[in-house]
Amino acid sequence: MGAVLVFPENKNIKIAWFSDGDWELPSQIDTLEKWLIENEIKLLKGSYVTDIGFDLRKDACGSDGEVTLKMMKIMLRVGMELYLSEYPDG
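Small disclaimer: the values here were computed from a predicted structure and weren't measured.

1. A word on the overall build of the protein chain
Now for step 1: When its secondary structure is counted, the protein chain shows two helices and four strands.
Now for step 2: Starting at the N terminus, the α and β elements of the protein chain follow one another as β-β-α-β-α-β.
Now for step 3: For 90 residues, the compact-globule formula gives about 12 Å, and the C-alpha radius of gyration of the protein chain, at 13 Å, lands near that figure.
Now for step 4: A principal-axis box enclosing the C-alpha atoms of the protein chain has dimensions of 40 × 30 × 15 Å.
Now for step 5: Burial statistics for the protein chain: of 90 residues in total, 39% are counted as buried.
Now for step 6: Within the protein chain, counting contacts between residues at least 6 apart in sequence, those at least 24 apart form 70% of the total.
Now for step 7: For the protein chain, the accessible surface area stands at approximately 5,700 Å², while carbon and sulfur atoms represent 54% of it.

Written as structure tokens, this is what we have:
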């Protein structure tokens with residue numbers, strides 16, 4: 001996977017799919033934040049799931065991915081849950 005997937009909960013409809021092949025959590029979180037900001041007015045309140053598939057970075061030594069307050073506010077407003085799916089050796 002190595003991608004960010006956004007879809008309505010309990011439905012098999014993809015709203016967004018990006019960062020395909022990118023397994024790094026920090027860059028995927030940044031991409032998700034940009035997408036949320038750009039699409040905030042298009043997202044109706046509902047029940048969404050965002051799944052980020054990532055692999056641990058071999059050179060990681062601390063926190064890099066930040067889910068900002070702005071992201072959390074948008075996600076809360078539209079009813080979006082965030083799943084972090086770790087895939088070893090992605």
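Having seen the structure, we can now continue with the description.
2. Some points on the side chain of Thr 50
Now for step 1: Along the chain, Thr 50 turns up in strand β3 (residues 48-54).
Now for step 2: Since its relative accessible area comes to 0%, Thr 50 is described here as buried.

3. Quick notes on the sheet that holds strand β2 (residues 16-18)
Now for step 1: One open sheet holds the four strands; their spatial order is β2-β1-β3-β4, and the pairing between them is mixed. Edge positions in the open sheet fall to β2 and β4 (80-86), since each of these has one partner strand only. For this sheet the average axis-to-axis angle between neighbouring strands, irrespective of direction, equals 15°.
Now for step 2: As defined by bridge partners, strand β1 (residues 4-8) adjoins β3 across five bridges and the pair is classed as antiparallel. Considered in β3, the bridge of Val 6 is made with Thr 50.

4. Looking at the side chain of Gln 28
Now for step 1: In this structure, Gln 28 sits in helix α1 (residues 25-39).
Now for step 2: Look at Gln 28 and you get buried, because its relative accessible area is 0%.
Now for step 3: Among the polar contacts made by the side chain of Gln 28, one reaches the main-chain carbonyl oxygen of Gly 53 at a distance of 2.9 Å.

5. Notes on the pairing of β1
On a regular strand, each side chain points to the face opposite its neighbour's, so the side chains alternate between the two faces of the sheet.
Now for step 1: Of all the five residues making up β1, four are buried; the element is thus mostly covered by neighbouring parts of the structure.
Now for step 2: Sheet topology note: the β1/β2 ladder contains three bridges and is antiparallel. For Val 6, the partnering residue across the bridge sits in β2 and is Ala 16.

So, how was this worked out
Residues numbered from 1 in each chain as written. Predicted model: local features only at pLDDT ≥ 70, side-chain atom pairs only at ≥ 80, totals over all residues. Heavy atoms only, no water. Helix = DSSP H or I, 4+ residues; strand = E, 2+ residues; numbered from the N terminus. Rg over C-alpha atoms; globule rule 2.2 N^0.38 Å. Buried < 20%, exposed > 50% of the residue type's maximum accessible area, 1.4 Å probe, protein only. Contact = heavy atoms within 4.5 Å. Areas by Shrake-Rupley, 256 points an atom, 1.4 Å probe, with all protein chains shown as cover. Pairing = 2+ DSSP bridges. Axes fitted to C-alpha atoms, helices over the stretch in contact; angles between N-to-C directions. Polar contact = N/O pair within 3.5 Å; in protein donor to acceptor, adjacent residues only side chain to side chain.

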